[in-house]
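# Observations on the model geometry
Okay, here's what each chain looks like letter by letter:
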Amino acid sequence: VLKASCQDEVATAFGLEKLHPQSNFFTSMELLKKYPGRVFEFMGYLKDKKDLPRDMHVISRNHPLKADQIKKKFQLVEKGQEYLLATTLQKDKKVMMLTRRIY
């Protein structure tokens, strides 16, 4: 969907909202089982790096740090179902979200 640049059309079809116009992360209050992409459960924002598990994947979209930089900074090993999503929210607030991949 990202490579074809049709994420906005898919989001509209499923009634999703963008977290930020440039981030390409979408949200919904309902679990959409037929969504044609990865689905994550939001678990909270990263507030202190000591709360961060060492085994997790990293995705960075519209954030000053790239995924490789974040992995190196926090010494993360990519495995498991937990993901750190680094992005920008509305009003240009930079965040790192702790999530778990559902499917």
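See above for the structure.
This text gives an overview of the structure that appears in the document.

What counts and how
Residues numbered from 1 in each chain as written. Predicted model: local features only at pLDDT ≥ 70, side-chain atom pairs only at ≥ 80, totals over all residues. Heavy atoms only, no water. Salt bridge = Lys/Arg side-chain N within 4 Å of Asp/Glu carboxyl O. Helix = DSSP H or I, 4+ residues; strand = E, 2+ residues; numbered from the N terminus. Buried < 20%, exposed > 50% of the residue type's maximum accessible area, 1.4 Å probe, protein only. Pairing = 2+ DSSP bridges. Contact = heavy atoms within 4.5 Å. Core = buried A, V, L, I, M, F, W, Y, C linked by side-chain atoms within 4.5 Å.

### Quick notes on the pattern of salt bridges
For the coordinates displayed, the defined rule picks out five salt bridges. Salt-bridge contacts for Arg 100 lead to Glu 41; the nearest nitrogen and oxygen are separated by 3.5 Å. Within this pair, whereas Arg 100 is found in strand β6 (residues 94-101), its partner Glu 41 is found in strand β3 (residues 40-45), the two being separated by 59 residues in sequence. When its relative accessible area of 34% is taken as the criterion, Arg 100 is described as partly exposed. Through salt bridges with shared partners, one network takes in Asp 68, Lys 71 and Glu 78.

### Notes on the pairing of strand β5 (residues 82-88)
For β5, a buried count of six out of seven residues is recorded, marking the element as mostly surrounded by other parts of the structure. Looking at chain direction, strand β4 (residues 57-60) and β5 are connected through four bridges and run parallel. Across the sheet, the residue bridging to Val 58 is Leu 84, located in β5. Once β5 ends, the chain turns through five residues before running back antiparallel as β6, passing Lys 91 with a positive phi of about 60°.

### So, the side chain of Ser 60
Note on placement: Ser 60 falls in strand β4. The contacts of Ser 60, once residues within four sequence positions are left out, are Leu 65, Lys 66, Ala 67, Ile 70 and Ala 86.

### Quick look at unusual backbone geometry
With a phi close to 55°, Gln 75 is a non-glycine residue in the positive phi region. Located in the positive-phi region is Lys 91, a residue other than glycine, with phi close to 60°. Residue position: Lys 91 is located in the loop between β5 and β6. In this structure Lys 91 comes out as exposed when scored by relative accessible area, which is 83%.

### What about the nonpolar core?
Soluble globular proteins tend to bury their nonpolar side chains together. The biggest cluster of nonpolar side chains holds twelve residues, and these are Leu 46, Leu 52, Met 56, Val 58, Ala 67, Ile 70, Phe 74, Leu 76, Leu 84, Ala 86, Met 96 and Leu 98. Among the elements of the structure, α2 (67-74), β5 and β6 are those that each provide at least two residues to this core. Among the elements that take part in this core, α2 stands out by supplying three residues, more than any other. Those residues in contact with Val 58, other than ones at most four positions away along the chain, are Ala 67, Ile 70, Lys 71, Leu 76, Glu 78 and Leu 84. With eight residues, the next largest nonpolar core counts Leu 19, Leu 85, Val 95 and Met 97 among its residues.

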